[in-house]
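Chain by chain, the residues:
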Amino acid sequence: QVQLVESGGGLVQPGGSLRLSCAASGSIFSINAMGWYRQAPGKQRELVATITSGGSTDYADSVKGRFTISRDNAKTVYLQMNSLKPEDTAVYYCKLEYTSTWFDAPVDYWGKGTLVTVSS
């Protein structure tokens, strides 16, 4: 069984910063990639940033230069968010692509999300 625990969301003023974290645990043989997605009210979920096991990263154009995704060796992914704007307000979801300890095939798993609100 797999768990993703997201934290770090909250209320911040425009121009401020937040750091999100997502810790993976459970029956994980290896991690292929992890990423952050977000969904604002009335909009579809969209990719924010991803990072592969090799360290390659990808960002949405709207967050390039402001957000940074990273991983550590303890199956945790981080999203450093700087210069936050009101349009960054959304529920942020962590996504894990992994190979289970029982099946040699990739599996996607989503966290439950953490709310980020950027407002004065």
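Presented here is an overview of the structure given in this document. Computed from a predicted model, the values in this text were never measured in an experiment.

## What to know about the overall build of the chain
Right, so step 1: Scanning the chain for helices and strands turns up zero helices and 11 strands.
Right, so step 2: In sequence order, the chain lays out its α and β elements as β-β-β-β-β-β-β-β-β-β-β.
Right, so step 3: Against the globule reference of 14 Å for 120 residues, the chain gives a C-alpha radius of gyration of 14 Å, in line with a compact fold.
Right, so step 4: Across its three principal axes, the chain shows a C-alpha extent of roughly 50 × 25 × 25 Å.
Right, so step 5: Sequence separation of at least 24 residues holds for 57% of the intrachain contacts in the chain that already meet a minimum separation of 6.
Right, so step 6: In the structure as shown, the chain presents an accessible area of about 6600 Å², 49% of it carried by carbon and sulfur atoms.
Right, so step 7: Across the chain, the mean location of the 11 positive side-chain charges is 4 Å away from that of the 10 negative side-chain charges.

## Here we look at the nonpolar core
Right, so step 1: Core analysis: the biggest nonpolar cluster contains 31 residues, and Met34, Trp36, Leu79, Met81, Tyr92 and Leu96 have the highest contact counts within it.
Right, so step 2: At the level of elements, β1 (2-7), β3 (18-26), β4 (28-39), β5 (46-52), β7 (67-71), β8 (76-81), β9 (90-100) and β11 (114-118) are the ones that each hand at least two residues to this core.
Right, so step 3: The dominant element in this core, judged by the number of residues it contributes, is β9, at five residues.
Right, so step 4: Beyond its immediate sequence surroundings of up to four residues, Leu79 is in contact with Leu18, Arg19, Leu20, Trp36, Val48, Ala49, Phe67, Thr68, Ile69 and Tyr92.

## Regarding the pairing of β4
Right, so step 1: With 10 bridges joining them, β4 and β9 adopt antiparallel strand pairing. Bridge pairing links Trp36 to Cys94 in β9.
Right, so step 2: Bridging between β4 and β5 involves six bridges; their strand directions are antiparallel. Bridging from a neighbouring strand, Gly35 pairs with Thr50 of β5.

## What about the sheet that holds β3?
Right, so step 1: Here we have four strands laid out as an open sheet, ordered β1-β3-β8-β7, and antiparallel in their pairing. If you trace the sheet from one side to the other, it starts and ends with β1 and β7, each paired once. Strand-to-strand twist in this sheet, taken as the mean axis angle between neighbours without regard to direction, amounts to 15°.
Right, so step 2: In terms of strand pairing, β7 meets β8 through five bridges, oriented antiparallel. Residue Phe67 lies in a different strand from β8, and its bridge partner there is Met81.

## Considering the side chain of Thr99
Right, so step 1: Position of Thr99 among the secondary structure elements: in strand β9.
Right, so step 2: The contacts of Thr99, once residues within four sequence positions are left out, are Ile28, Phe29, Ser30, Asn32, Asp104 and Ala105.

Criteria and thresholds
- Residues numbered from 1 in each chain as written.
- Predicted model: local features only at pLDDT ≥ 70, side-chain atom pairs only at ≥ 80, totals over all residues.
- Heavy atoms only, no water.
- Helix = DSSP H or I, 4+ residues; strand = E, 2+ residues; numbered from the N terminus.
- Rg over C-alpha atoms; globule rule 2.2 N^0.38 Å.
- Contact = heavy atoms within 4.5 Å.
- Areas by Shrake-Rupley, 256 points an atom, 1.4 Å probe, with all protein chains shown as cover.
- Lys, Arg positive; Asp, Glu negative; His and termini not counted.
- Charge placed at Lys NZ, Arg CZ, Asp CG, Glu CD.
- Core = buried A, V, L, I, M, F, W, Y, C linked by side-chain atoms within 4.5 Å.
- Buried < 20%, exposed > 50% of the residue type's maximum accessible area, 1.4 Å probe, protein only.
- Pairing = 2+ DSSP bridges.
- Axes fitted to C-alpha atoms, helices over the stretch in contact; angles between N-to-C directions.

Taken by themselves, the reported measurements are silent on function.
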